Amino acid sequence: DDTAHRVEQLRLKYQWLVVVTVPHSDRFWRTRKLAMTLGIKATKRTHALWVDAATVPPSDIPGWMGALCRPLEDRAVAGVWGPVQVLDGKSATRVPMHAGQLWAWMRQQLGGLPTSVIPVNLAFRTTDFMELKGFQDSMHVDGGEGELLMAVLQQKGRIALVDQAVVTRRGGIQRDPKLREVRP
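Residues numbered from 1 in each chain as written. Predicted model: local features only at pLDDT ≥ 70, side-chain atom pairs only at ≥ 80, totals over all residues. Heavy atoms only, no water.

Looking at this model, I keep getting lost on the overall build of the protein. Mind explaining?
On a plain count of helices and strands, the protein comes out with seven helices and seven strands. Ordered by position from N to C terminus, the α and β elements of the protein give α-α-β-β-α-β-β-α-β-α-α-β-β-α. Expressed as a percentage of the 184 residues in the protein, the buried residues total 42%. Looking at the protein alone, contacts between residues at least 24 apart form 74% of all its contacts between residues at least 6 apart. (Helix = DSSP H or I, 4+ residues; strand = E, 2+ residues; numbered from the N terminus. Buried < 20%, exposed > 50% of the residue type's maximum accessible area, 1.4 Å probe, protein only. Contact = heavy atoms within 4.5 Å.)

Which parts of the structure should I look at to understand the environment of M65?
The topology assignment puts M65 in helix α3 (residues 61–69). Owing to a relative accessible area of 36%, M65 belongs among the partly exposed residues under this scheme. C-alpha of M65 to C-alpha of A165: the two residues are 100 residues apart in sequence and 7.8 Å apart in space.

So what exactly am I meant to see when it comes to the side chain of N121 here?
Within the secondary structure layout, N121 lies in strand β5 (residues 121–125). The class of N121 is buried, set by a relative accessible area of 0%. Of note is the side chain of N121, whose polar atom sits 3.2 Å from the side chain of W64. A distance of 2.6 Å separates a polar atom in the side chain of N121 from the backbone oxygen of A165. Each residue touching N121, except ones within four places of it in the same chain, is listed here: W50, V51, W64, L68, V80, W81, G82, P83, V84, A165, V166 and V167. (Polar contact = N/O pair within 3.5 Å; in protein donor to acceptor, adjacent residues only side chain to side chain.)

Would you mind going over the packing of aromatic side chains with me for this structure?
By the definition in use, this model includes six aromatic pairs. Judged by centre distance (5.4 Å) and plane angle (45°), the ring pair of Y14 and W16 falls under tilted. Considering the side-chain rings of F124 and F129, the 5.8 Å spacing of their centres and the 35° angle between planes classify their relative orientation as tilted. Taken as a pair, F124 and F129 share a single burial class, namely buried. A network of ring pairs unites the aromatic residues W50, F124, F129 and F135 as a single cluster. Cation over ring: K33 sits above F135, and NZ or CZ is 5.7 Å from the ring centre. (Phe/Tyr/Trp six-rings, centres within 6.5 Å; stacked < 30°, edge-to-face > 60°. Lys NZ or Arg CZ within 6 Å of the ring centre and 35° of its normal.)

Okay, structure coming up:
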């Protein structure tokens with residue numbers, strides 16, 4: 001695809017953008033978790049925000065970033081998630097995505113860990129990610145980054161929902177059956 005060219009264009013446009021090259025890995029070739037982990041290792045920032053690659057940038061990016069990161073000022077909060085809207089005319093795409101978001105919200109309201117936080121719209125402290133070894137136990141799973149990361153971060157504190165930090169995503173998602181193996 002055209003990813004390498006587009007990333008290079010962005011790097012030239014935004015001098016602050018750091019591009020991390022992921023080494024070839026036969027073991028983790030299908031997973032994004034290695035790339036995400038290397039990105040966290042490369043950053044000098046205190047907070048990380050993760051969104052799905054198909055996310056439409058919010059019209060007010062600073063407002064969205066502020067809303068998503070603000071709860072992290074409370075050290076008792078280890079992770080933050082925001083809802084994801086679906087930009088697709090087909091109900092076969094919209095309904096499962098909305099159902100997943102509703103399920104995550106319900107679990108959050110009942111004091112549980114939000115599951116089905118796919119696609120992601122998350123914020124967390126980079127030091128917590130590194131201290132807890134991020135995806136060490138789920139690196140082999142292709143997908144589930146948001147849900148699995150929130151489960152790890154929960155060791156540091158509670159997971160907060162910021163319902164006004166909404167992003168929009170194009171299209172549906174594909175679920176990985178291996179995600180069921182690591183959920184417990």
